[in-house]
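Spelled out, the chains give:
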Amino acid sequence: MSSLINTLSTLSTPKCLALGLLVACSISTVDSVRGQSEFTTAPILYHSSKAVDRVAKMSERLESGKLTLKRDDRHGFLAAVLRELKVPIESQTLVFSKTSLQLRRITASRPRALYFNDDIYIGWVQGGVVVEVGAVDPQLGAVFYTIDQHADRAIVKRDQGECLACHATRRTQHVPGFLVRSVFAASDGQPFYAMGTTTTDHTTPIDLRFGGWYVSGKHGAMRHRGNVIARDDPKSPIDPDSGANVLDLAKRVDVTPYLAPTSDIIALMVLEHQTQMHNLVTRASYESRQAAHYDKTMNRVLERPNNFVSDLTKRRVQRVGDALLSYLLFAGEYELTAQVTGNSKFAKQFAARGPHDSKGRSLREFDLRERLFRYPCSFLIHTESFGALPTDVRDYVEEGLLDVLTGKERGDDFKHLTPQDRQAILEILVDTKPAFRKRFAKRAPQLDESSALPADGK
């Protein structure tokens, strides 16, 4: 299975050697093998557990004959898969670095297209053998699939593990996950790994982002690494000015083979944020379940009560909970210094999806002047995977969230949130998350009137 978000190749070592990727792939594989032992055994059982994500359910419908997907000669099953999984074409981004299973078909003139929504990632390559699909499973995290482009009918195959060589490393929080990487890529798509690579998210300075990607949209005086072919010169591998504020990608690459002519900068920024958010949710889920499993074993051995929770477990939950809470509230987000504007319908469509509170506000509203979102709390708090977190870690994160939003917690991680930010986010969550509303209502009587909302959230 291929990398779905710009990452190292999962090809075998001999092929990697032929392409000059031996060192990079070897490091990634060792890193992955080291981490996989944590989730291939109980209680996670990643490989043997049944996936229940939306792609797994689609596969069951295909196998039963309840669903058929139409194949076309130009894009294979791509368009049909996008429609079925409700992945917008406007989310398209184009990456030209050879960092995918189908890397032999990828160059600067033939970039790979990526599409996504809140829980699905889809990759397509011109003339590719498969459509690459990744889904967020509420228990397993990232699960990877392929659909044979040359088959008469669509058959979804779950990856048997090769994807995890790159998709379960420190770059994905040591869990099956997703990532966006910025590299220096030559015209043939080959990255210059010796010059370094960057795993990007909302904390990454703009000038380190988008290497090996096409980027359409405006961003003023800010500069990034996109739209530029790198040269083998460590002192000056690219000219970032030449790739800035590009509105028409057709002047750089033939976009006619693709479903859209854009690689929208706002879509890329959302993609960066949500990939690592997914990983942190999965990390929190795994850590909590593994800690509980350990306690269950030790309680039996030491003849302790079945519900005894060790201090070690509490510390493990606190560690992953704190990391998730900080990222959820965009701690450390890179401050934009110019207005960012996309050139597709992505931003409008994304913001319209809600949910909206009684005042019409949503966590999907963009700012794009100083930061990504108007209300800095991740929209992924509304997803099934967040809701499926084990009770202990979900309670820890949501209680911490209430602390921050009601002014009880004023740590340095959250100093970027103004009183107005906190109040608005609190109101939105109380209005749009029934379980959070109940949690707030239990605490509301204990809050100072100046910081508390009425229990109904109005």
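Everything numeric here is computed off the predicted structure, so don't read it as measured data.

Asker: Describe in detail the packing of aromatic side chains, supporting the description with residues and values.
Answerer: Enumeration according to the criterion identifies 15 aromatic pairs in this entry. With a centroid separation of 5.6 Å and an interplanar angle of 75 degrees, the aromatic rings of F39 and Y46 are classed as edge-to-face. We note that F39, like Y46, is buried. Grouping aromatic residues by their ring pairs yields a cluster made of F116, Y121, F144, F178, F330, F346, F350, F366, F373 and F379. Here the guanidinium or amino end of R158 rests over the ring plane of Y46, the centre of that ring lying 5.7 Å away.

Asker: Just give me the short version of the pattern of salt bridges, but keep the residues and values in it.
Answerer: Enumeration according to the criterion identifies 24 salt bridges in this entry. A salt bridge links R374 to E365; its shortest N-O distance comes to 3.2 Å. In this structure, R369 engages D367 in a salt bridge whose closest nitrogen and oxygen atoms are separated by 3.2 Å. Among the residues examined, D367 registers a relative accessible area of 16% and is labelled buried. Taken together, the salt bridges that share partners define one network made up of D395, E398, E399, D403, R439 and R443.

Asker: So what about the environment of S362? Which residues, and what values?
Answerer: Note on placement: S362 falls in the loop between α8 (346–352) and α9 (384–387). Owing to a relative accessible area of 1%, S362 belongs among the buried residues under this scheme. Each C-alpha atom of the pair S362 and A351 lies 7.5 Å from the other, and the pair is 11 residues apart in sequence. Not counting residues within four places of it along the chain, the set of residues in contact with S362 comprises A351, G354, P355, H356, Y375 and I428. Here P355 takes part through its backbone oxygen, which lies 3.4 Å from a polar atom of the side chain of S362.

Criteria and thresholds
- Residues numbered from 1 in each chain as written.
- Predicted model: local features only at pLDDT ≥ 70, side-chain atom pairs only at ≥ 80, totals over all residues.
- Heavy atoms only, no water.
- Phe/Tyr/Trp six-rings, centres within 6.5 Å; stacked < 30°, edge-to-face > 60°.
- Buried < 20%, exposed > 50% of the residue type's maximum accessible area, 1.4 Å probe, protein only.
- Lys NZ or Arg CZ within 6 Å of the ring centre and 35° of its normal.
- Salt bridge = Lys/Arg side-chain N within 4 Å of Asp/Glu carboxyl O.
- Helix = DSSP H or I, 4+ residues; strand = E, 2+ residues; numbered from the N terminus.
- Contact = heavy atoms within 4.5 Å.
- Polar contact = N/O pair within 3.5 Å; in protein donor to acceptor, adjacent residues only side chain to side chain.

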